[in-house]
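Spelled out from the first residue to the last, the chains are:
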Amino acid sequence: MTSLKHPERSKQSQLIKLRLLVWLTQTTTGDLDELHFRNDPPYLDEVRHEGLETVTDQSPFYEDDFLHRLYARLPYAQFIIINHAFLVQYATYFGAHLNQPYLVVDEAQHLADYALRTNRQKFDFQVTLNVVRHQLDQLDPDNKYGLVTALHEAAFSRDFATMRAWLVEFDRQLTALSDYLLKTVQAQLGKFKQPYQEVALSAEDWQAFSEDHQGLFEQLNILAEKMKTLLTTISQRFESQAAKWLPSDNEHFSGFANNLMTAFDNWQRLVMIQQQPTQVSDGRGAYLYWVTVGQELDHVIMSSSLMSVKGFLSQQVYANFQAPIFTGATLFSSNRSQYLYDQLDLDRETVKVRRLKSDFNFEKQAKLYISKDATDIKDDAAYTDYVVGSIRGLLRSANRPTLILFNSLDMIQRVYQQLVSGNNRVSRLLLAQGVSGGKEKLIKRFMDEDNAVLLGAASFWEGIDLPQEKLQLLVIARLPFDSPDRLETQVQFAQLKSEGKNPFYNLSLPKATLRLRQGIGRLIRTRSDYGAVVVLDSRLVNRQYGQTIMKTLPETLPILAADMPVITNDVSNFFKLHQTGHHKS
């Protein structure tokens, strides 16, 4: 309700607030999805619950609080449906309050990724310092547009002067901490080939840094807590005099208070990084720490992430439930692979596996094409030209809804620019991730068109549902291996090597295999679907590991490996055949 009180200049936000007020008188669930916004309006970023711990029987909306009511109903529910991230965060709660319930994890191959993401923190020194300095400017008595000038009463002036003095000290000490961290990693920086470099810190080095500068951490913590307390006092005084303020005063003060709280929340992230374990213990896992440094050495970011789920999922998640059941259409990269068991933190000897036959008729519904004449993927320029030329030919031969999957946004932009420029530009609607909008917007536009072309990476490989005639041609520009240049990948490789394991066969290959299967899975979603998949990466047929990947694909899926002119012609014939006879066959 707090955000509804804030004055709005934006007519869109005013209309959204009106819709929210009407909806609040009608909803019984509090689910914002009931409003059916086509895109998430910016105002909705301000709508959030402050946590169950803030809801007491003294709260004015205690009986109406949807989250409180939802949790009160949990013990009586037969089924509770949540996402992976929520499961990882609240497994202990469910185990304690629901007496170790049964657990079914669908799309289980993603659970480890969500566990890693949920335990990832990032603190950007410069972003936080910029917020602090902006508030210092607001509290400058000489700033005629600042908050001190707007609220010129003596009581506010004294508190603002105290707040400003504390912010100055917070800025000084946080800048010092940033400089110390930069000095710690500066010797490891090489020549900048990109705007930023990442430098890994061992757990021991991060622990040593934290201990060496414990005094700074403690002083910054004390300052943050003192400023939060003072902000609460100022806010209460401001609200007690609400009748005297202009709408512009309300907006001014609200912005100041929100920005300060953003700075304090940001600081808490660094505190969490400092407090994370440096050794594997009690199922809390091992953490990776790294520092990101800008090319001008004026931008420092401290990050941490759970490095492995080993011991974490079994002790922090599964221990709160009965023996879990894991389901998914693409769980295994091969019958012998240990990858899935490692990813799910499971003991292979204690796991029972049951495979169910697919009810899709791949022999009649789909066909896989693999190019044999692709250029060397190490030659970026030549490979980009090859991909662009292949896509042009396929789009000319098959006027069908087309999804093209890439491994990077950079490659998407290069291909997109060539497809939309010059005399030979593609005439169909082209939608590109990172160019034409966000994921939800792109999918909505793609589904609204008859034969659009969508270029996507990352999340487009999985989790999107385009059934029947919404998708009929899938093009995979490159086998979905993770970049070996990523710091997290390098650390995982080093960890596997230290355990005597081959990083390629124990991580890279099974991970790419599952992602490829998930990508192909975007095409056939129902028994009435049909479509073609074209892989523009010859490694699938001319490398030994390509055969390993092929063995994981459906046995009845027809496959043609040929040069692109042959593939382009056969794709055209495939759709001519299915246009007249598929649904009758």
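Before any of the text, the structure's been laid out above.
Residues numbered from 1 in each chain as written. Predicted model: local features only at pLDDT ≥ 70, side-chain atom pairs only at ≥ 80, totals over all residues. Heavy atoms only, no water.

K.L.:
Please give an account of the sheet that holds strand β9 (residues 430–432) that cites residues and values.
P.N.:
Pairing within the open sheet is parallel, and its 7 strands lie in the order β9-β10-β8-β11-β12-β7-β13. Whereas interior strands pair on both sides, the edge strands pair on one side only; in this sheet they are β9 and β13 (559–562). If you compare each strand with its neighbour and ignore which way they point, the axes differ by 15° on average. Relative to β13, strand β7 (residues 366–371) runs parallel, the two being bridged by 4 bridges. (Pairing = 2+ DSSP bridges. Helix = DSSP H or I, 4+ residues; strand = E, 2+ residues; numbered from the N terminus. Axes fitted to C-alpha atoms, helices over the stretch in contact; angles between N-to-C directions.)

K.L.:
Before we move on, can you summarise the packing of helix α15 (residues 380–397) against helix α16 (residues 409–420) with the specific residues and values?
P.N.:
Where α15 meets α16, the axes come as close as 10 Å, and the angle between the chain directions of the two elements is 55°. Accordingly, the angle class assigned to the pair α15 and α16 is oblique. Classified by chirality, the crossing of α16 by α15 is right-handed. Contacts from Asp 380, Tyr 383, Thr 384, Asp 385, Val 387, Val 388, Ile 391 and Arg 392 in α15 reach Met 411, Arg 414, Val 415, Gln 418 and Leu 419 in α16. For the contact of α15 with α16, the per-class residue count stands at 7 nonpolar, 2 polar and 4 charged. (Parallel < 35°, antiparallel > 145°, perpendicular 65-115°, else oblique. Left-handed = near helix turned anticlockwise from the far one by under 90°. Contact = heavy atoms within 4.5 Å. Nonpolar A, V, L, I, M, F, W, Y, C, P; charged D, E, K, R; others polar.)

K.L.:
Outline a negative patch on the surface, supporting the account with residue identities and numerical values.
P.N.:
Together, Asp 376, Asp 379, Asp 380 and Asp 385 line one region of the surface with negative charge. Mapped onto the fold, Asp 380 is located in helix α15. Since its relative accessible area comes to 46%, Asp 380 is described here as partly exposed. (Patch = residues over 30% accessible without salt bridge, like charges linked within 9 Å, V, L, I, M, F, W, Y side chains within 5 Å. Areas by Shrake-Rupley, 256 points an atom, 1.4 Å probe, with all protein chains shown as cover. Salt bridge = Lys/Arg side-chain N within 4 Å of Asp/Glu carboxyl O. Lys, Arg positive; Asp, Glu negative; His and termini not counted. Charge placed at Lys NZ, Arg CZ, Asp CG, Glu CD. Buried < 20%, exposed > 50% of the residue type's maximum accessible area, 1.4 Å probe, protein only.)

K.L.:
Let's hear about the sheet that holds strand β4 (residues 287–294): which residues, and what values?
P.N.:
If you walk across this open sheet you meet the 4 strands as β2-β5-β4-β3, and the pairing is antiparallel. Pairing within the sheet leaves two strands with one partner each, and these edge strands are β2 (120–124) and β3 (196–201). Strand-to-strand, the axes of this sheet are offset by a mean angle of 20°, without reference to chain direction. Taken together, the 5 bridges between β2 and strand β5 (residues 300–306) define a ladder with antiparallel strand orientation.

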